[in-house]
Amino acid sequence: MYGRARRWNQAATICDRLLAGYDSTLSAMGPTTLTAAWLAGEDQALRWLPAAFRDPTARRETVARAATRSVHPAVVGAVETRTDAQARNRDQLARTGSVCVVTGQQAGLFGGPLYTLFKAAGAIRHAQVLEATTGTPCVPVFWLQSEDHDFDEIATAAVVDAASERQVIAVPSTLERRRSVGARSIGPAATQAIEQLDRAIRELPHGPTTITRIRKAYAPDQTWTGAFAELMQDLFAPHGLLIVDPRDLRVQQAARPLHEQAVTEAATLAQRARQWSEGLNAAGFVAPIHVRPGAPLSFFHPEGPDGPRYRLEPGPTDDWSLVGTDRTVKDLSTGAFSTSAMLRPILQDRLLPTAAYLGGPGEIAYFAQLPPVYAHFDLPMPLVVPRPRFVIRDPACDRILENWGWSLDRLALPRDELLADLVSVEEGPFEAWQSACNALVDALDRSAPEAKARSKGLGKSVAKTQATVTRAVERLIARYRRALARDNAIAMRRLNRLCDWYVPAGAPQERAQSLPTLVARSGWERVVPALIEAIEPWNGTLRSLALP
């Protein structure tokens with residue numbers, strides 16, 4: 001045990017020293033310059049989205065303002081509790097004067113990318129800190145993005161297997177792409193994906209337990225968001241995280257007035273949002289959400305919540321066009337609605353007393369477009385807080401980096417360039433050996449006539465020596481080449497291992513590795529407490545973490 005702890009500490013020292021370069025290089029992979037400028041505290045970005053989360057006074061004021069609002073009873077009724085911690089938090093949320101920290105994510109296969117795990121743990125930690133520093137009861141809430149329809153974005157999971165190689169597991173879908181993922185069943189393809197995952201992680205220390213729990217959650221008759229929610233419950237219910245599904249019938253009914261308002265006031269709302277977005281673009285930033293003139297921020301499902309969704313555009317009279325079709329509708333009362341990326345935060349904060357929203361780089365950029373939308377619906381904006389960011393260390397990988405004298409930021413270079421630094425392509429001593437051999441053979445050849453003249457047997461000895469020297473040097477060169485090839489193969493395997501762990505597919509680790517990678521190594525019950533403890537509130541910088 002002591003030896004293992006010493007190796008972890010050694011790896012921690014190495015990785016901490018290298019982390020700054022890694023973060024600065026990978027920041028270029030982020031989705032928006034606005035978020036980078038906002039995190040850096042640049043005035044130009046803060047004009048569009050204040051970074052109130054940094055100010056203790058602003059945090060207290062925002063919490064006090066949120067505490068004047070109450071949770072909608074539909075949300076309380078829709079929250080499932082499995083543990084005493086969840087039951088206490090649900091009851092607390094239902095009481096006037098309580099607030100919450102909200103985060104959310106799409107229902108990614110097998111729990112989605114690692115940052116989903118970081119988000120949920122971050123909501124728990126920030127709720128604890130807000131309650132401790134303000135005296136106001138605060139509970140963590142995870143909002144399932146079950147209304148999202150981008151199936152391709154959630155249908156894959158990448159893991160690092162027992163051989164330290166990256167594997168990508170995918171579930172295909174032939175269903176209509178306009179349907180919300182919450183309406184999709186897992187189906188038999190999930191069984192094949194689980195078997196592939198089983199083969200990849202079964203030899204890891206906690207692989208069998210991980211597979212058992214994933215298999216239970218991802219039953220073929222389960223929906224995608226249902227399976228994801230089951231996994232999140234298994235991980236986070238002991239820590240009191242409340243999970244809200246907006247497709248719950250009670251929540252849908254509670255959301256209906258907001259959607260009707262968004263449709264009725266679509267022209268004014270879209271105009272305000274477009275003007276704000278144009279200002280963002282003029283300031284040199286990119287507004288990530290395109291706002292169509294006169295279009296509501298709600299999607300419409302004419303066949304009900306399980307049917308396909310469509311954007312609405314004003315028709316020539318008093319009807320609405322379903323974008324992408326030649327259909328129009330006059331009566332919207334018989335269909336269902338779902339939120340767009342711009343309306344989702346409004347719905348969350350209308351139904352919840354939200355003090356803070358914990359978001360990633362893309363979501364922070366979305367929030368920079370939302371001040372006029374919040375104002376339109378007469379809602380105060382919550383604290384927008386950057387989610388925790390971690391690079392999970394691997395001691396073996398860190399020892400390779402140290403041996404090579406590399407920093408983590410070097411791994412952002414093209415793989416071919418890295419490989420060229422490792423694999424020897426020069427001739428090495430081959431030429432010298434071959435040149436010496438040729439010189440000796442030539443010298444023997446020149447002396448052969450004299451040797452033959454003195455003795456026929458001596459002439460044969462010269463020829464035999466020539467052949468022996470030639471074969472010996474050929475064998476020596478062949479052995480050297482085999483050794484070089486072996487060393488190059490080892491270097492390639494080590495480079496692949498480094499890249500698969502730290503920059504899988506050229507992306508940041510937290511975006512391109514999935515939850516099973518961690519829990520199969522460190523254990524289901526150990527990962528979440530370690531994450532919660534490691535989170536430094538209000539700090540959105542990348543930090544290194546060695547899990548137990």
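The coordinates are above.
Because the structure is predicted, anything quoted here is derived from the model rather than measured.

Chemist: Talk me through the pattern of salt bridges; I want residue IDs and the actual numbers.
Modeler: Overall, the coordinates contain 17 salt bridges when judged by the stated rule. Glu363 is the salt-bridge partner of Lys119, the closest N and O atoms lying 2.6 Å from each other. Of this pair, Lys119 sits in helix α7 (residues 114–134) while Glu363 sits in helix α15 (residues 361–367), and the two are 244 residues apart along the sequence. You'll find Lys119 and Glu363 in the same group, each marked buried. A salt bridge links Asp198 to Arg215; its shortest N-O distance comes to 3.7 Å. Taken together, the positions of Asp198 in helix α9 (residues 189–201) and Arg215 in helix α10 (residues 207–217) put the pair 17 residues apart, joining distant regions of the chain.

Chemist: Outline the packing of α7 against helix α23 (residues 524–534), listing residues and values.
Modeler: Where α7 contacts α23, the two axes come as close as 9 Å, and the packing angle between them is 55°. In terms of orientation, α7 and α23 fall into the oblique class. The handedness of the crossing between α7 and α23 is right-handed. Contacts between α7 and α23 pair Leu117, Phe118, Ala121, Ile124, Arg125 and Gln128 from the former with Val527, Val528, Leu531 and Ile532 from the latter. In terms of residue class, the contact of α7 with α23 is built from eight nonpolar, one polar and one charged.

Chemist: Describe the nonpolar core, naming the residues involved and giving the relevant values.
Modeler: Counting residues in each nonpolar core, the largest one holds 73 residues, and the members touching the most others are Phe110, Leu117, Tyr218, Phe236 and Leu411. Excluding residues that lie within four positions of it along the chain, Phe236 makes contacts with Leu117, Ala120, Ala121, Ile124, Leu241 and Val528. Formed by 67 residues, the second largest nonpolar core is a distinct cluster that contains Leu93, Leu130, Leu358 and Leu379.

Chemist: Account for the packing of aromatic side chains, naming residues and giving values.
Modeler: If you walk through the whole model with that rule in mind, you get nine aromatic pairs. With 5.3 Å between their ring centres and 75° between their planes, Phe110 and Tyr218 make a pair best called edge-to-face. Taken as a pair, Phe110 in the loop between β1 (99–105) and α7 and Tyr218 in the loop between α10 and α11 (224–236) lie far apart in primary sequence, 108 residues in all. The two residues Phe110 and Tyr218 agree in class, both being buried. Every member of this aromatic cluster is reached through a ring pair, and the members are Tyr357, Phe367 and Tyr374. Here the guanidinium or amino end of Arg309 rests over the ring plane of Phe299, the centre of that ring lying 3.6 Å away. Against the face of Trp406 rests Arg410, its NZ or CZ located 5.2 Å from the ring centre.

Chemist: Can you lay out the packing of helix α22 (residues 515–522) against α23 for me, pointing to particular residues and giving the numbers?
Modeler: Between α22 and α23, the shortest axis-to-axis distance is 7 Å and the interhelical angle comes to 110°. Judged by the inter-axis angle, α22 sits roughly perpendicular to α23. Side by side, α22 and α23 meet where Leu518, Val519 and Ser522 of the first sit next to Trp524, Arg526 and Val527 of the second.

Chemist: Before we move on, could you go through the sheet that holds strand β12 (residues 383–386) and cite the residues and values that matter?
Modeler: In space, the five strands of this open sheet follow the order β5-β2-β1-β11-β12, with parallel pairing throughout. The sheet is open, and its two borders are formed by β5 (242–244) and β12, each paired with just one other strand. Within the sheet, the average angular offset between the axes of one strand and its neighbour, ignoring direction, is 30°. With three bridges joining them, β1 and strand β11 (residues 354–359) adopt parallel strand pairing. Bridging across to β11, Val102 finds its partner in Tyr357. Contacts between helix α4 (residues 56–66) and the sheet are confined to β1, β11 and β12, with β11 contributing the most and set at about 120° to the helix.

Chemist: Give me the lowdown on unusual backbone geometry, citing residues and values where you can.
Modeler: A positive phi angle is found at Ala505, which is not glycine, with a value near 55°. Following the sequence through the fold, Ala505 ends up in the loop between α20 (456–502) and α21 (509–512).

Chemist: How would you sum up the environment of Gly122? Please name residues and give values.
Modeler: Mapped onto the fold, Gly122 is located in helix α7. Residue classification places Gly122 among the buried residues on the basis of a relative accessible area of 0%. When near neighbours in sequence (up to four residues on either side) are disregarded, Gly122 contacts Leu358, Pro388 and Ile535.

Chemist: Give a detailed account of the pairing of strand β10 (residues 336–339), specifying residues and quantitative values.
Modeler: With burial as the criterion, each face of β10 is covered, one bearing Ala336 and Ser338 and the other bearing Phe337 and Thr339. Where strand β6 (residues 298–301) meets β10, four bridges bridge the pair, whose relative direction is antiparallel. Bridge pairing in β10 places Phe300 opposite Phe337.

Chemist: Just give me the short version of the environment of Ala505, but keep the residues and values in it.
Modeler: By relative accessible area, Ala505 is classed as exposed at 62%. Between the C-alpha atom of Ala505 and that of Arg166, which follows or precedes it by 339 residues, the distance is 9.0 Å.

Chemist: Before we move on, can you summarise the side chain of Ser277 with the specific residues and values?
Modeler: Topologically, Ser277 is positioned in helix α13 (residues 266–282). Taking the relative accessible area as the measure of exposure, Ser277 reaches 7% and is therefore buried. Each residue touching Ser277, except ones within four places of it in the same chain, is listed here: Ala287, Val291 and Gln369.

Chemist: So what's going on with α23? Residues and values would help.
Modeler: Residues of α23 that are buried: Trp524, Val527, Val528, Ala530, Leu531, Ile532 and Ala534. Taken together, the buried residues of α23 touch α7, α10, α11, β13 (389–392), α22 and β14 (542–545).

Chemist: Account for the sheet that holds strand β9 (residues 328–329), with residues named and values stated.
Modeler: The five strands are arranged β9-β8-β7-β6-β10 in an open sheet whose pairing can be described as antiparallel. Because the sheet does not close on itself, it has two edges, and the strands there are β9 and β10. Sheet analysis places strand β8 (residues 320–322) next to β9, joined by two bridges and oriented antiparallel. Residue pairing across strands places Trp320 opposite Val329, the latter belonging to β9.

Rules used in this analysis
- Residues numbered from 1 in each chain as written.
- Predicted model: local features only at pLDDT ≥ 70, side-chain atom pairs only at ≥ 80, totals over all residues.
- Heavy atoms only, no water.
- Salt bridge = Lys/Arg side-chain N within 4 Å of Asp/Glu carboxyl O.
- Helix = DSSP H or I, 4+ residues; strand = E, 2+ residues; numbered from the N terminus.
- Buried < 20%, exposed > 50% of the residue type's maximum accessible area, 1.4 Å probe, protein only.
- Axes fitted to C-alpha atoms, helices over the stretch in contact; angles between N-to-C directions.
- Parallel < 35°, antiparallel > 145°, perpendicular 65-115°, else oblique.
- Left-handed = near helix turned anticlockwise from the far one by under 90°.
- Contact = heavy atoms within 4.5 Å.
- Nonpolar A, V, L, I, M, F, W, Y, C, P; charged D, E, K, R; others polar.
- Core = buried A, V, L, I, M, F, W, Y, C linked by side-chain atoms within 4.5 Å.
- Phe/Tyr/Trp six-rings, centres within 6.5 Å; stacked < 30°, edge-to-face > 60°.
- Lys NZ or Arg CZ within 6 Å of the ring centre and 35° of its normal.
- Pairing = 2+ DSSP bridges.

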